[in-house]
Amino acid sequence: MSPDLSRRRLLAAATAAGAAAALAPAASATASTRTATTWRSAALVVHNARVLTGERHAPVHGAIAVGRDGRVLAVGPSAVVRRLAGRDTDVVDARRATVMSGIVDAHAHPLEAGARTLNPSLANESFTVGQLQEKLRWFLTDSAGKEPDGWLVVEDWNPVGLPAGTETHHRILDALPTRRPIALLGSDAHNTWVNQRALDLAAITAATPDPAGGEIVHGADGSPTGLLKDTASDLVTRLIPEPDEAALLDVCAKALARAAAMGVTTFMDAAVSGDRLETYAGLARTGRLLQRIVPALRLSAEQTKDPAAALAYVRGLRKQYGEVAGLHFGTVKVFLDGVIEYPAQTAALLTPYLDGDGKPTDNRGDLYVTAAEYGRLATVLDRAGWQLHGHAIGDRAVRTALDGYEAALRANGRRGNRHTIAHLQLIHPDDFRRFGRLGVVACMQLQWAMRDVWTMDALLPYIGADRHRLLYPARSLQRYGAVLSGGSDWPVDPLGPWNQIRTAIDRESEVAEQGALYPELEGIDRSAALRMHTAGSAYQLRLEGRTGTLTPGKAADLVVLDRDVTRVPVKELSDTRVRLTLVGGEVVHELDSAVAKTLPTPTATPTRPASLAQMHGGRHDACGCTPVT
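Visitor: If you had to explain the overall build of the chain to someone new, which residues and values would you point to?
Guide: Helix and strand counts for the chain stand at 21 helices and 24 strands. In the chain, once contacts between residues fewer than 6 apart in sequence are set aside, the share between residues at least 24 apart is 75%. Carbon and sulfur atoms form 51% of the exposed surface of the chain, whose accessible area is close to 23,700 Å².

Below, the structure written as structure tokens:
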């Protein structure tokens with residue numbers, strides 16, 4: 001049953017002093033009811049609830065009170081906590097549903113989620129050449145006011161969505177009735193397809209050299225085809241005008257409101273540059289920065305080779321934007337490899353990929369930073385108090401990251417910087433125990449841990465059964481003492497935190513008959529899944545003193561749900577809806593509010609594309625660096 005969230009004033013309530021007198025003996029007598037030290041009436045009391053504090057082995061409480069300073073004032077039995085209500089206290093009857101910490105999303109790209117909505121999208125669909133051209137004609141007609149020179153930029157182009165054997169050539173785009181420059185941005189973020197006008201504007205010819213970390217694809221005659229890979233895309237995309245600032249702020253604000261409706265109270269933005277920090281500053285200035293944000297300042301591969309310069313760079317950004325309310329600096333992002341699924345196969349593996357017939361190849365994927373380089377970078381940043389957040393999909397990249405963190409530990413000792421590895425699709429078993437020993441946080445996106453086209457068709461034949469059983473080894477990492485944190489990688493995948501929590505447990509596809517991906521080996525229990533997306537992520541972000549659990553004195557970053565997530569069948573976790581979201585005691589989402597009614601209805605189980613070419617892994621940001629062996 002959904003809680004009634006028509007908040008009301010409690011007109012006949014105990015005074016603040018009376019509440020203090022009532023609670024003080026209970027607080028001293030038992031740990032189950034605890035309060036902050038300031039005895040004032042609460043701003044909000046949620047009662048008749050199942051309050052999860054997020055602490056290990058803590059009892060479930062009946063009520064929670066939020067103070068007027070935006071912090072948790074008390075948790076405990078409903079009959080006791082309700083005595084903190086004064087004449088002007090808002091009171092909510094949760095009707096036995098769960099109240100818990102808001103979701104702490106430890107790896108996402110929320111501003112990108114907003115920015116993508118400014119351009120038309122091909123929605124990762126597959127087309128014949130004729131169908132694609134017809135769709136693009138419609139986009140041209142819809143934006144006819146930009147003729148003759150305005151860019152047509154299209155999101156979510158499926159790089160292998162044309163019929164087999166079709167060459168991705170600028171001639172297909174040149175046949176459209178326009179002279180406008182056209183850029184189709186691949187959903188894999190590794191490919192961009194442009195027309196001849198765009199090539200001309202970028203001065204890309206047969207003689208143009210490939211940039212570091214990228215490739216200009218050439219035809220049989222040596223001329224560029226219009227397909228640009230990885231950093232070669234930058235030769236064109238840097239010419240595309242920036243969006244109008246007001247429009248960008250509007251769509252990013254809507255994205256954050258969407259996340260608040262899903263219960264997200266904190267984000268780590270996993271690859272941030274200076275322009276994105278300016279967007280966050282604009283959101284803060286206009287009162288639309290709803291969540292706490294930890295910006296992970298992205299370093300290119302070239303920057304990782306000069307740790308002193310890299311440190312100066314991130315310090316400069318922190319100095320420039322450190323006063324923006326809601327931003328918490330101290331994290332640096334580095335890409336160590338690419339993605340593992342066929343046909344990309346750029347994740348760095350210890351043992352080479354197999355071909356489609358199961359025979360070994362000489363391809364071990366791409367490693368963008370050596371262990372020595374990463375170790376030097378980690379040592380310098382760790383000594384200066386910065387945390388590294390490394391993208392590592394393949395087991396060779398994971399080992400490289402661990403080696404780098406171990407070098408920093410040997411040089412600096414333990415400094416509490418919570419260095420992290422994100423994604424962790426494949427880890428060699430010899431490295432499991434190193435996470436706990438080194439204090440490295442495992443940031444995982446367990447909505448990918450399911451038996452589907454991405455893990456079966458696109459992966460099993462190319463890595464073999466033995467390695468396949470090691471995919472997303474959450475339970476193994478937990479067993480060896482690693483701290484697990486959770487992230488969505490939104491908008492690489494649809495935002496669905498409750499589905500992430502469900503999949504971490506049962507590792508089942510949205511299509512039940514496809515089965516589960518080794519839950520008996522690597523599934524984690526319900527309490528662990530909830531903790532990794534709240535307390536675990538807060539620990540990763542070094543915010544555990546402020547958020548991630550609901551204990552007196554912590555920020556009131558909480559959600560009121562429509563069900564008891566500790567008791568409903570696991571499959572029903574994906575359907576969880578958030579009735580109320582608070583950040584620092586402020587309401588940022590209320591299901592029945594006018595603002596909430598303008599938002600898209602939360603998708604219970606996010607729908608993922610069904611074709612092999614649309615797999616999640618291919619959509620990670622291009623690494624912008626040169627592979628090393």
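Next comes the rest of the write-up.
Visitor: How would you sum up the pairing of strand S10 (residues 152-157)? Please name residues and give values.
Guide: Burial analysis of S10 places six of its six residues in the buried class, the great majority of the element. Relative to strand S11 (residues 182-186), S10 runs parallel, the two sharing four bridges. In the strand pairing of S11, Val154 is matched with Leu184.

Visitor: Requested: an account of the nonpolar core, with residues and values cited.
Guide: Membership of the largest hydrophobic core comes to 102 residues, with the highest contact counts inside it found for Ile421, Phe435, Met444 and Leu477. No other element matches the eight residues that helix H8 (residues 245-261) contributes to this core. Those residues in contact with Met444 that lie beyond four places of it in its chain are His423, Leu424, Tyr472, Pro473, Ala474, Leu477, Leu484, Ser485, Gly486, Gly487 and Met532. Residues Phe127, Phe139, Trp157 and Leu173 belong to the second largest nonpolar core, which totals 18 residues.

Visitor: Give me the pattern of salt bridges: which residues, what numbers.
Guide: Side chains that differ in charge, positive against negative, can pair when their charged atoms come close. Inspection of every chain in the model, using the stated rule, returns 24 salt bridges. Between Arg285 and Glu278 there is a salt bridge, with the nearest N and O atoms lying 3.9 Å from each other. Among the salt bridges present, the one from Asp557 reaches Arg292, with a minimum N-O distance of 2.7 Å. With Asp557 in the loop between helix H20 (535-540) and strand S22 (558-561) and Arg292 in strand S16 (residues 292-298), this residue pair connects regions lying 265 residues apart in the sequence. Across this residue pair, the class does not change: Asp557 and Arg292 are buried.

Visitor: Lay out the packing of helix H11 (residues 307-321) against helix H12 (residues 371-383) with the relevant residues and their values.
Guide: Look at H11 against H12: their axes get within 9 Å of each other, and the N-to-C directions meet at 45 degrees. For the element pair H11 / H12, the angle class is oblique. Regarding H11 and H12, the two cross each other, and that crossing is right-handed. Residues Pro307, Ala310, Leu311 and Val314 of H11 form the contact with H12, whose own contacting residues are Arg376, Leu377, Val380 and Leu381. Taken together, the residues of the contact of H11 with H12 sort by class into seven nonpolar, no polar and one charged.

Visitor: Kindly report on the packing of aromatic side chains, identifying the contributing residues and their values.
Guide: Summed over the entire model, instances satisfying the criterion amount to seven aromatic pairs. Ring centres 4.6 Å apart and planes at 5 degrees place the aromatic pair Tyr342 and Tyr462 in the stacked group. Here Tyr462 lies in helix H15 (residues 460-468) and Tyr342 lies in the loop between strand S17 (331-335) and H12, a separation of 120 residues in the sequence. The partly exposed category is assigned to Tyr342, whose relative accessible area is 35%. Each ring, one from Tyr374 and one from Tyr405, has its centre 5.4 Å from the other, and the planes form 55 degrees; the classification is tilted. Note that Tyr374 is positioned in helix H12 and Tyr405 in helix H13 (residues 395-412), a separation of 31 residues in sequence.

Visitor: Could you give me a rundown of the sheet that holds strand S20 (residues 441-444), with the residues and numbers involved?
Guide: The strand order across the open sheet built from eight strands is S9-S15-S16-S17-S18-S19-S20-S21, with neighbouring strands paired in parallel fashion. One side of each edge strand has no neighbouring strand; the edge strands of this open sheet are strand S9 (103-108) and strand S21 (484-486). Neighbour-to-neighbour, the strand axes of the sheet open up by a mean angle of 25 degrees, direction not taken into account. H12 contacts S17 and strand S18 (387-392) of the sheet and is inclined by roughly 155 degrees relative to S18.

Visitor: Pulling in residues and values, what's your account of unusual backbone geometry?
Guide: Note the cis peptide between Glu147 and Pro148, where omega equals 5 degrees. Tracing the sequence through the fold places Pro148 in the loop between helix H4 (129-142) and S10. Look at the link from Trp490 to Pro491: it is a cis peptide, with omega at 5 degrees. Positive phi values are uncommon outside glycine, yet Asn48 reaches one of about 50 degrees. Of note, Asn48 is situated in the loop between strand S3 (42-47) and strand S4 (50-51). Since its relative accessible area comes to 26%, Asn48 is described here as partly exposed. Unusually for a residue other than glycine, Leu424 sits at a positive phi of about 55 degrees. Here Leu424 is to be found in the loop between strand S19 (420-423) and helix H14 (432-438). Using a relative accessible area of 0% as the deciding quantity, one classes Leu424 as buried.

Visitor: Now, about the confidence of the model for the chain: what can you tell me, with residues and values included?
Guide: Residue-level pLDDT values for the chain average 88, and 87% of them are 70 or greater. Confidence drops under pLDDT 50 across residues 1-34; counting only partners more than four residues distant or on other chains, this segment forms 81 contacts.

Visitor: An account of the pairing of S17 is requested, with residue identities and associated values reported.
Guide: For S17, the buried fraction is high: five of the five residues fall into the buried class. Burial along S17 is two-sided: Thr331, Lys333 and Phe335 and Val332 and Val334, pointing in opposite directions, are all buried. The pairing of S16 with S17 spans three bridges and is classified as parallel. Bridge assignment links Ala296 to a residue of S17, and that residue is Thr331. As judged from the five bridges shared by S17 and S18, these two strands associate in the parallel manner. Considered in S18, the bridge of Phe335 is made with His391. Crossover connection from S17 via H12 to parallel S18: handedness right-handed.

Criteria and thresholds
Residues numbered from 1 in each chain as written. Predicted model: local features only at pLDDT ≥ 70, side-chain atom pairs only at ≥ 80, totals over all residues. Heavy atoms only, no water. Helix = DSSP H or I, 4+ residues; strand = E, 2+ residues; numbered from the N terminus. Contact = heavy atoms within 4.5 Å. Areas by Shrake-Rupley, 256 points an atom, 1.4 Å probe, with all protein chains shown as cover. Buried < 20%, exposed > 50% of the residue type's maximum accessible area, 1.4 Å probe, protein only. Pairing = 2+ DSSP bridges. Core = buried A, V, L, I, M, F, W, Y, C linked by side-chain atoms within 4.5 Å. Salt bridge = Lys/Arg side-chain N within 4 Å of Asp/Glu carboxyl O. Axes fitted to C-alpha atoms, helices over the stretch in contact; angles between N-to-C directions. Parallel < 35°, antiparallel > 145°, perpendicular 65-115°, else oblique. Left-handed = near helix turned anticlockwise from the far one by under 90°. Nonpolar A, V, L, I, M, F, W, Y, C, P; charged D, E, K, R; others polar. Phe/Tyr/Trp six-rings, centres within 6.5 Å; stacked < 30°, edge-to-face > 60°. pLDDT = per-residue confidence, 0-100. Right-handed = clockwise from strand over helix to strand, strands pointing away.

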